[in-house]
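Spelled out, the chains give:
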Amino acid sequence: MSQVMLPAKRFVVSSVSSDAHMWNLVFLQLLLEEQGAHVTNLGACVPDDLIIEECRRSRPDALVISTVNGHGHLDGLRLIRRIREEPDLADLRVVIGGKLGVRGAENIVFAEELALSGYDAVFEADGGIENFQEFLGTLDAPAERPALASSGVAA
Amino acid sequence: MNAPIRSSEGAVAAARTQGRFSRYVHGAHADGRLVVQPRMGFADLATMREGLLGVRGADATATGTITLDSYTRVNDHDSARQALRTGAELNGFPLVAHGPDATRQLLDSVSGPVSASGGRDFPVQVRHGSALPYPLFEAMVAAGVDATEGGPVSYCLPYSRAPISAAVKAWAQCCELIAAQPDPMHLESFGGCMLGQLCPPSLLVALSVLEGLFFREHGLSDISLSYAQQTHPGQDLEAIAALRRLAGERLAEADWHVVLYTFMGVFPRTPVGSFRILEESVRLAVRSGSERLIVKTPAEAHRIPTIAENVDALEFAASIARDEAGRGAEVAPTESGVYEEARLLVDSTLELAPTVGEALIRAFERGHLDVPYCLHQDNANKSRAYVDPAGMLQWAEAGRMPLRVERGASRRPVSAKGLLTMLGFNEQRFDREQLTNGHLRGLQYPGRTARRGLS
């Protein structure tokens, strides 16, 4: 938990376009900063273009999308397709996590489509934060896409 | 700004300005009854009508609520219309897509027409969450809606990316539109909520009063001020007393009342815990002299509640309110200086510009007002708050706000784990008993695995 990433990694943290929730983003920023990372937090209700612009400007080690309003499987899918259409962002590490649908524990059904559409990892809320921590440990290794990181099982 | 009116004249003015929503609320309060209200919105007219009639029929002194959907909140009325055509599920009532005529018929069918004395048997409020709501306000005015809520700060900072300057402009137009009507609808400030939790009471009180002053500046005199239940009953009691005192001083010429929200943050996940936090908010409402309470239901942590769950919560709240009215004072307000801090924030903000709207813009621009943890680009986000060992919500960092923050020797910047613990303070406080045998929750932090057991 207290492992510090060296050299300092840079992250862009963001919600998706229709999601106004903020506390999940505040939590992720603190979690990453505690591990020595530098975080640009774009906040809630972020249009796709703004996320793409920021990633192009700051070239982060990873883009972390967090959403809990249940529209993640819609807004998140549209976003990742947009990102992967941009040739200069094809190699960007992008992960998504939270409550991705409105089906509670069954939201895991959305994970595969999101991963196959270009996310490097997908974390459903029930999977716990441990899977995200594991992902952070893999940042120095080359990306192996598609990967389906969420097990949907609480550790 | 109108010149202050002496209290005797203010009372006369208030009596004259009572609209159809406030008339109902004041009438109930004079009879010693707390007005309770749900959060409730359905996409189709028939279900919305059924829901409102369910609330009307509840064994409670209730006002109705129409909560709008996310598309309408962001002025994407085409998507709302498309959803109505295709039957796609919406998370609320698309008022603009249904249009003023259908909405007026809905309201008349549940509330009855406005009587000769100017009242409604069952007034209904529209709740939305829109930062730039002018098209919505046009539709609400055309439909004859009794009341709505929001404000240029409270619906901008937490829920949108619109600049505060744009929200101030839009809300000024909305207020002036309402004020120009022969029987203006009631407007409630959402300033007492601000991210639902971890915003200390003095800032909630100040923002509620500042938005009330903004409404006044744009011609409204039929308003309410809000406060959301936080982490400590005594501190909340002090805060609502501060809100009433400050409103009495600064909004004497308006007809105002106070609406309390049952806790708006991470909600208890068990039915027992949910009813206990609701109970605490009802007792707080009655003890503090608040006129109206907006309740939550045990479904809150999991999904959108049904009509029956809403009615149950309203009837439960009404029964607790009756019980509390017969009791003596069991909780004493704390004396932590909420009134003094809130007054300082209000007065020093108003000094920044000749109008309330411009003063709010400048205050946030320079961090003179700063909502803890709020990521909106116009919020300084230098202030921090924490829940102290006694359960009181305190300032950890004032940022550039003109507040004196006591420097505890043991305080450190909040960690991710500490943030989760603070966000979950009420959840744990009220769920503790039912969770003794373990309970799985969605987002688990490794440090809290002790709470997981054999569930």
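All of the points below concern the structure found in this document. In this text the structure is predicted, and so the values were computed from the model without any measurement.

We now examine the interface of chain B and chain A. The interface is formed by 24 residues belonging to chain B together with 26 residues belonging to chain A. Taken over both partners, the interface formed by chain B and chain A buries close to 2100 Å², and the fraction arising from carbon and sulfur atoms is 67%. The tally of links from chain B across to chain A stands at zero salt bridges. At the junction of chain B and chain A, the tally comes to four residue pairs in polar contact (both at pLDDT 80 or more). Of the residues contributing to the side of chain B that touches chain A, the split by class is 16 nonpolar, five polar and three charged.

All names here are of chain B. The terminal C-alpha atoms of helix α10 (residues 201-217) lie 24 Å apart, and with 17 residues this matches the ideal 24 Å at 1.5 Å per residue to within 8%. In terms of burial, α10 is largely enclosed, as 16 of its 17 residues are buried. With its phi angle positive at about 95°, G219 sits one or two positions after the end of α10.

Attention shifts here to helix α7 (residues 100-111) of chain B. All names here are of chain B. Between its terminal C-alpha atoms α7 stretches 16 Å, which fits the 16 Å expected from 12 residues at 1.5 Å a residue. Those residues of α7 that sit buried are T103, L106, L107, V110 and S111. For α7, the angular spread of buried residues about the axis comes to 105°, placing them on one side. For α7, exposure combined with an orientation more than 90 degrees from the buried face picks out D101 and Q105. G112 lies just past α7 and shows a positive phi near 75°.

Bringing the sheet that holds strand β5 (residues 186-189) of chain B into the picture now. Residues and elements named next belong to chain B. Spatial ordering of the open sheet is given by β1-β8-β7-β6-β5-β4-β3-β2, a layout of eight strands whose pairing is parallel. The strands lining the two open edges of the sheet, one partner per strand, are β1 (35-37) and β2 (64-67). With direction set aside, neighbouring strand axes in the sheet form an average angle of 25°. Taken together, the seven bridges between strand β6 (residues 222-228) and strand β7 (residues 255-261) define a ladder with parallel strand orientation. Note that in β7 the partner of D222 across the bridge is D255. Each of β4 (147-150), β5 and β6 is contacted by α10, which is oriented at about 165° to β6, the strand it contacts most.

Procedures and definitions
Numbering of residues starts from 1 in each chain and follows the order in which that chain's sequence is written. In the order they appear in the text, chains get letters beginning with A and ligands get numbers beginning with 1. In keeping with the predicted nature of the model, local features appear solely for residues at pLDDT of at least 70, side-chain atom pairs appear and are counted solely at 80 or more, and the whole-chain, interface and lining totals rest on all residues. To obtain the side-chain values, all non-hydrogen atoms of the structure were included, while hydrogens and water were left out. Throughout, a contact is declared for two residues whenever any of their heavy atoms are within 4.5 Å. Buried area: the sum, over both parts, of the accessible surface (1.4 Å probe) that disappears when the two are put together. Each salt bridge in this description consists of a side-chain nitrogen of Lys or Arg and a carboxyl oxygen of Asp or Glu lying within 4 Å of one another. For the purposes of these results, a polar contact is taken to be a pair of N or O atoms within 3.5 Å, where, inside protein, one atom must be able to donate a hydrogen and its partner to accept one; residues adjacent in sequence count only when each atom of the pair is a side-chain atom. The classification used treats Ala, Val, Leu, Ile, Met, Phe, Trp, Tyr, Cys and Pro as nonpolar, Asp, Glu, Lys and Arg as charged, and all other residues, Gly among them, as polar. Each helix is a run of H or I in the DSSP string that is no shorter than four residues. Each strand is a run of E no shorter than two, and both are numbered from the N terminus. To estimate how far a helix should extend, the number of its residues minus one is multiplied by 1.5 Å. Burial classes: relative accessible area under 20% of the type maximum marks a residue as buried, over 50% as exposed, and values in between as partly exposed (1.4 Å probe, protein chains only). What the arc measures is the spread of directions leading from the helix axis to the C-beta atoms. Any two strands with at least two DSSP-identified bridges between them are counted as paired. Axes here refer to lines fitted to C-alpha atoms; in helices the fit is confined to the stretch in contact. Angles between the N-to-C directions go from 0 to 180 degrees.

Geometric descriptors of this kind do not, in isolation, establish any biological role.
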